[in-house]
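One-letter residues, chain by chain:
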2 protein chains.
Amino acid sequence: MSQTLQIEKANELKNKPDVSTVQFGTVFTDYMFTNKYTPEYGWSEPSIIPYQNLQLSPSCQAIHYGQSVFEGLKAYRQGDDILLFRPDENFKRMNQSLSRLSMPEINEENALNALYELLKVERDWVPDGEGQSLYIRPFVFADEPFLGVRPSETYQFSIILSPVGGYYGATQLNPTSIYVEDDFVRSVRGGVGFAKVSGNYAASLLAQKKANELGYEQVLWLDGVEQKYVEEVGSMNIFFVRDGELVTPELNGSILPGITRKSIIELAKHKGYTVKEEKIHIDDLSEDLHNGKVTEVFGAGTAAVIAPVGRLNIHGVDYIVNDNQVGEISLDLFNDLTDIQYGRKEDPFGWVVRL
Amino acid sequence: MSQTLQIEKANELKNKPDVSTVQFGTVFTDYMFTNKYTPEYGWSEPSIIPYQNLQLSPSCQAIHYGQSVFEGLKAYRQGDDILLFRPDENFKRMNQSLSRLSMPEINEENALNALYELLKVERDWVPDGEGQSLYIRPFVFADEPFLGVRPSETYQFSIILSPVGGYYGATQLNPTSIYVEDDFVRSVRGGVGFAKVSGNYAASLLAQKKANELGYEQVLWLDGVEQKYVEEVGSMNIFFVRDGELVTPELNGSILPGITRKSIIELAKHKGYTVKEEKIHIDDLSEDLHNGKVTEVFGAGTAAVIAPVGRLNIHGVDYIVNDNQVGEISLDLFNDLTDIQYGRKEDPFGWVVRL
Ligand SMILES: Cc1ncc(COP(=O)(O)O)c(C=O)c1O
Ligand SMILES: Cc1ncc(COP(=O)(O)O)c(C=O)c1O
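Residues numbered from 1 in each chain as written. Chains lettered and ligands numbered in written order. Predicted model: local features only at pLDDT ≥ 70, side-chain atom pairs only at ≥ 80, totals over all residues. Heavy atoms only, no water.

Some points on the overall build of chain A
Assigned secondary structure in chain A consists of 7 helices and 20 strands. Burial status across chain A gives 61% buried among its 355 residues. By sequence separation, contacts in chain A at least 24 residues apart represent 71% of the contacts at least 6 residues apart. When the accessible surface of chain A is split by element, carbon and sulfur atoms take 43% of a total near 13,500 Å². Mean positive and mean negative side-chain charge positions of chain A (32 and 50 charges, respectively) differ by 1 Å. (Helix = DSSP H or I, 4+ residues; strand = E, 2+ residues; numbered from the N terminus. Buried < 20%, exposed > 50% of the residue type's maximum accessible area, 1.4 Å probe, protein only. Contact = heavy atoms within 4.5 Å. Areas by Shrake-Rupley, 256 points an atom, 1.4 Å probe, with all protein chains shown as cover. Lys, Arg positive; Asp, Glu negative; His and termini not counted. Charge placed at Lys NZ, Arg CZ, Asp CG, Glu CD.)

Structural data, given as structure tokens:
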């Protein structure tokens, strides 16, 4: 991105929807950021253009061979200010994903600046309702028209924006239910589980469907080698409150290193909690749920921030957590984290970027 | 595909290239087949249209969440006849891939008929040079404009065609070299290794690069659980000649069930060889290479049909197979199989479809 950012004006702007009735990820703003990579010039065509269809060859590499990575973060409104939460972490992780799929890395600083410029253009799209935000989706995909298993020579990097409602109202966290999956495997060490790559999500859908059919909202994945250690939930990392301490699976190459996960660990330590990252055996977990040592369970991810888990099925046995009510520590962390994200509380960590 | 096939004429046709100088997968014919899926009507818009760009939303599901599967087969010319090799097997496997990614299955018979119609229109594109063919790429991808981890509601099924040269001249099989990968993992049981899905290929590129940098042409993958059992090569299955018998890893959920693999097993048995499908421990393999029990190694896949392996690196040790020469049995099977594919020899199996 050595070249300067071009901006192409849209002829007309869309009507902004009532975000409280909008379905997640279905409405997009007027503009998108786009950049193109060629071997000769690198990332050299940064521009903000009207939101529009991609023109792709039917032999486009990303469609056939899956070189495609993405990120997800949110912009929050506080009065006239737009707040971002640790956006640098997203572009850092994007580069880790890119590198795992043999794709060219982006310049993180340029990407951040491009995002800021795009948000300046699209300021009015950041909603101000309770729990609402502007979901930001950066993604990079291979567009070379070529059928053969080797890295593409050309790529596109885009950022699109979608206004979204809260998953739940701020104080109305609805406990979710999860099914521990014994057969299907999401990822294994040596694979691409730690990267945010398109293929991981398609591969997870069948297990998700199975969990839904069995009456659970989400899947809890076990490790791919022994199928015994807790990894993560569909698109969230997982935390347990055990003997008053926070415990979460340690990063091992097959778990996605969530930015919410990382932030909760830092925030909780700051608040004086003991936090442990360790291997969690599923049998130990069921025992600790049974004997009452584990008192709260929650998922952590950008979309829901914190999602309390009220019911958990392990090897066919249902465990009810905290009477299927939102736990105290879950709520405390949720409030603190969202207060920082929306600028309602001081940010002692330097996480928030204010535009 | 209850509706009848529509054909839209192209305004002008491309000049046909000299296939002997064309790079694999870079030139496409004048027409493509396409069909669209909606929840209301299923696969209901079959048509043959001029080869053209796809118009995809930037939030297209396949790009973000990887619901995308493909197939690969070839059409061969014999005089005025066009020959296909077991095309029914490809659409059968495509349905297995689709089902694994929670995508709607296609009607195999309708798909076959669509392919036949497309080939009738594009007959002249099937080249007649030694080892040349028309590579056929059916693929299905999710095109719903929606950011969320759930199956797409809409899909596109296309078939595109690309004239290709032989990987090697018929009697000039050049032995390839393979590197047995100890760290990276392609797939694990419970995952999507048996399915021909886009994400598997992107995930394999980094190991491929490593092998190339170490001086090997291809990767031989081990199983994802113990990293001890031989699985397959980049885009081929693998065979060994051991004590005069053919041995290949048994299908286990993480290996792609190759149609060439299946055909070689059937052909070899028909010719009187003993064929074994079994778990092959990498240490047993290196021992058998060392003590001369394994006399030939070859990959088997649509692209190269049979690719003899002349050099194999296991845990850092290089093993030279059959003096880096094409083995007798490899050549025998290659000749028989390609003779059947090109119609030069009688097909006792009913594999060939003649158009
Ligand atoms: C598989 C998976 N795990 C965990 C997370 C949580 O990551 P983050 O907190 O960065 O949103 C996500 C993404 O959102 C994910 O897709
Ligand atoms: C991973 C993989 N294994 C094996 C094969 C061989 O399959 P087939 O003989 O059907 O071409 C392929 C595909 O071509 C492949 O992509």
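Some thoughts on the interface of chain B and chain A
Taken residue by residue, the interface counts 58 residues in chain B and 58 residues in chain A. Interface of chain B and chain A: buried area, both sides summed, is about 4,900 Å²; carbon and sulfur atoms make up 60% of it. In terms of surface lost to chain A, no three residues of chain B exceed Pro58, Ile63 and Leu147 of chain B, which account for 14% of the buried area on that side. At the junction of chain B with chain A, the criterion picks out 0 salt bridges. Counting the contacts that link chain B with chain A gives 23 residue pairs in polar contact (both at pLDDT 80 or more). Broken down by secondary-structure element, the contributors of at least two residues to the side of chain B that touches chain A are β5 (54-56), α1 (61-65), β6 (68-70), α2 (87-100), β9 (133-142) and α4 (198-213) of chain B. Classifying every residue of the side of chain B that touches chain A gives 31 nonpolar, 22 polar and 5 charged. (Buried area = accessible area lost by both parts, 1.4 Å probe. Salt bridge = Lys/Arg side-chain N within 4 Å of Asp/Glu carboxyl O. Polar contact = N/O pair within 3.5 Å; in protein donor to acceptor, adjacent residues only side chain to side chain. Nonpolar A, V, L, I, M, F, W, Y, C, P; charged D, E, K, R; others polar.)

Overview of the pairing of strand β12 (residues 218-222) of chain A
Across a regular strand the side chains alternate sides, sitting on one face of the sheet and then on the other. All names here are of chain A. Of all 5 residues that make up β12, 5 are buried, and the element is covered over most of its length. Burial along β12 is two-sided: Gln218, Leu220 and Leu222 and Val219 and Trp221, pointing in opposite directions, are all buried. Here strand β11 (residues 176-180) pairs with β12 via 3 bridges, running parallel. The residue of β12 that forms the bridge with Ile178 is Gln218. Looking at chain direction, β12 and strand β13 (residues 230-233) are connected through 2 bridges and run antiparallel. If you follow Leu222 over to β13, its bridge partner there is Val230. (Pairing = 2+ DSSP bridges.)

Quick word on the relation of the copies chain B and chain A
The two copies are related by a screw motion: chain B maps onto chain A through a turn of 180° and a shift of 0.0 Å along the axis, at an RMSD of 0.0 Å. Such a combination of turn and shift is consistent with a two-fold rotation axis. Within chain B, Gly199 of chain B has its C-alpha nearest the rotation axis, a separation of 2.1 Å. Comparing contact sets, 100% of the residues at the interface of chain B also lie at the interface in chain A, consistent with an isologous, same-surface contact. (Least-squares fit on C-alpha atoms with pLDDT ≥ 70 in both.)

Thoughts on helix α5 (residues 259-270) of chain A
Residues and elements named next belong to chain A. Taking 1.5 Å as the rise per residue, α5 with 12 residues should run 16 Å; its terminal C-alpha atoms sit 16 Å apart, in good agreement. Along α5, the residues that are buried comprise Ile259, Thr260, Arg261, Ser263, Ile264, Ile265, Leu267 and Ala268. Trailing α5 by a residue or two, Gly272 shows a phi angle of about 100°, which is positive. (Expected span 1.5 Å × (residues − 1).)

Brief notes about the site of ligand 2
Residues and elements named next belong to chain B. The immediate surroundings of ligand 2 are formed by 16 residues, with Tyr201, Glu232, Ile259, Thr260 and Thr302 found nearest. Take Glu232: an N or O atom from its side chain is 2.4 Å from a nitrogen atom of ligand 2. Between ligand 2 and Thr302, the relevant distance is 2.6 Å, taken from an oxygen atom to a side-chain nitrogen or oxygen of the residue. Here ligand 2 has 380 Å² of accessible area as a free molecule, and 96% of this is covered by the chains. Secondary structure elements with two or more residues in the shell around ligand 2: α5 (259-270) and β17 (294-301). (Near = heavy atom within 4 Å.)

Focus on the domain arrangement of chain A
All names here are of chain A. Taken domain by domain, chain A comprises domain 1 (6-164) and domain 2 (176-341). Each of domain 1 and domain 2 has a C-alpha centre, and the two are 28 Å apart. Listed as interface residues are 20 residues of domain 1 and, on the opposing side, 21 residues of domain 2. For the pairing of domain 1 and domain 2, the buried interface totals around 1,800 Å² over both sides, and the portion due to carbon and sulfur atoms is 59%. (Domains from an automatic or database assignment.)

Regarding α4 of chain B
Between its first and last C-alpha, α4 of chain B extends 24 Å over 16 residues, near the 22 Å set by a 1.5 Å rise per residue. Burial within α4 of chain B is extensive, with 12 of its 16 residues counted as buried. Residues of α4 of chain B that are buried: Ser198, Gly199, Asn200, Tyr201, Ala202, Ala203, Ser204, Leu205, Leu206, Ala207, Gln208 and Ala211 of chain B. Summarising the contacts, the buried residues of α4 of chain B are in contact with α1 (61-65), α2 (87-100) and α4 (198-213) of chain A together with β6, β11 (176-180) and β12 (218-222) of chain B. Positive backbone phi, approximately 100°, marks Gly215 of chain B, located one or two places after α4 of chain B.

Brief notes about the UniProt feature "modified residue: N6-(pyridoxal phosphate)lysine" (unreviewed entry) in chain A
Residues and elements named next belong to chain A. Residues annotated by UniProt as "modified residue: N6-(pyridoxal phosphate)lysine" (unreviewed entry) correspond here to Lys196. Within the secondary structure, Lys196 sits in the loop between β11 and α4. Residue Lys196 is classed as buried on the basis of its relative accessible area, which comes to 11%. Here Lys196 is in contact with Ser68, Val69, Phe70, Glu71, Gly72, Arg93, Ser97, Tyr201 and Leu256, once residues within four sequence places are set aside. (UniProt positions renumbered as here; feature names shortened; annotations may be inferred.)

A closer look at the site of ligand 1
Residue and element names in this part refer to chain A. Near ligand 1 you find 16 residues, and of these Tyr201, Glu232, Ile259, Thr260 and Thr302 are the closest. The separation between an oxygen atom of ligand 1 and a polar side-chain atom of Tyr201 is 2.4 Å. Interatomic distance of 2.6 Å between a side-chain N/O atom of Thr302 and an oxygen atom of ligand 1. Taking 380 Å² as the accessible area of ligand 1 by itself, protein coverage stands at 96%. Those elements giving two or more residues to the shell around ligand 1 turn out to be α5 and β17 (294-301). Here the residues of the shell around ligand 1 are counted per class, giving 5 nonpolar, 7 polar and 4 charged.

Examining the pattern of salt bridges
Residue and element names in this part refer to chain A. The tally for this structure, following the rule as stated, stands at 42 salt bridges over all chains. Salt-bridge contacts for Glu89 lead to Arg86; the nearest nitrogen and oxygen are separated by 3.9 Å. Judged by relative accessible area, Arg86 falls into the buried class, the value being 7%. One salt-bridge network, in which partners are shared between bridges, spans Lys271, Asp332, Asp336, Asp339, Arg344 and Lys345.

Let's talk about the environment of Leu112 of chain B
All names here are of chain B. Considering the arrangement of structural elements, one finds Leu112 in helix α3 (residues 108-121). Overall, Leu112 belongs to the buried group, its relative accessible area being 14%. Considered as a pair, Leu112 and Gly292 are 180 residues apart in the sequence and their alpha carbons are 45 Å apart. Once residues lying within four places of it in the same chain are set aside, the contact partners of Leu112 are Pro87, Asp88 and Phe91.

Points about the packing of α2 of chain A against helix α3 (residues 108-121) of chain A
Residue and element names in this part refer to chain A. Axis separation between α2 and α3 bottoms out at 10 Å; the angle between their running directions is 130°. It follows that α2 is oblique to α3 by the angle criterion. Relative to α3, the crossing made by α2 is right-handed. Of α3, the residues touching α2 (which contributes Pro87, Asp88, Phe91, Lys92 and Asn95) are Glu108, Ala111, Leu112, Leu115 and Tyr116. When its residues are assigned to classes, the contact of α2 with α3 shows 6 nonpolar, 1 polar and 3 charged. (Axes fitted to C-alpha atoms, helices over the stretch in contact; angles between N-to-C directions. Parallel < 35°, antiparallel > 145°, perpendicular 65-115°, else oblique. Left-handed = near helix turned anticlockwise from the far one by under 90°.)

Let's talk about the packing of aromatic side chains
Evaluated as defined, the whole model comprises 32 aromatic pairs over all chains. Ring centres of Phe70 of chain A and Tyr65 of chain B lie 5.4 Å apart, and the angle between their planes is 80°; on these two criteria the pair is classed as edge-to-face. Pair noted here: Phe70 of chain A is in strand β6 (residues 68-70) and Tyr65 of chain B is in helix α1, and the two residues belong to different chains. On the basis of an interplanar angle of 65° and a centroid distance of 4.6 Å, the ring pair of Tyr76 of chain B and Tyr342 of chain B is categorised as edge-to-face. (Phe/Tyr/Trp six-rings, centres within 6.5 Å; stacked < 30°, edge-to-face > 60°.)

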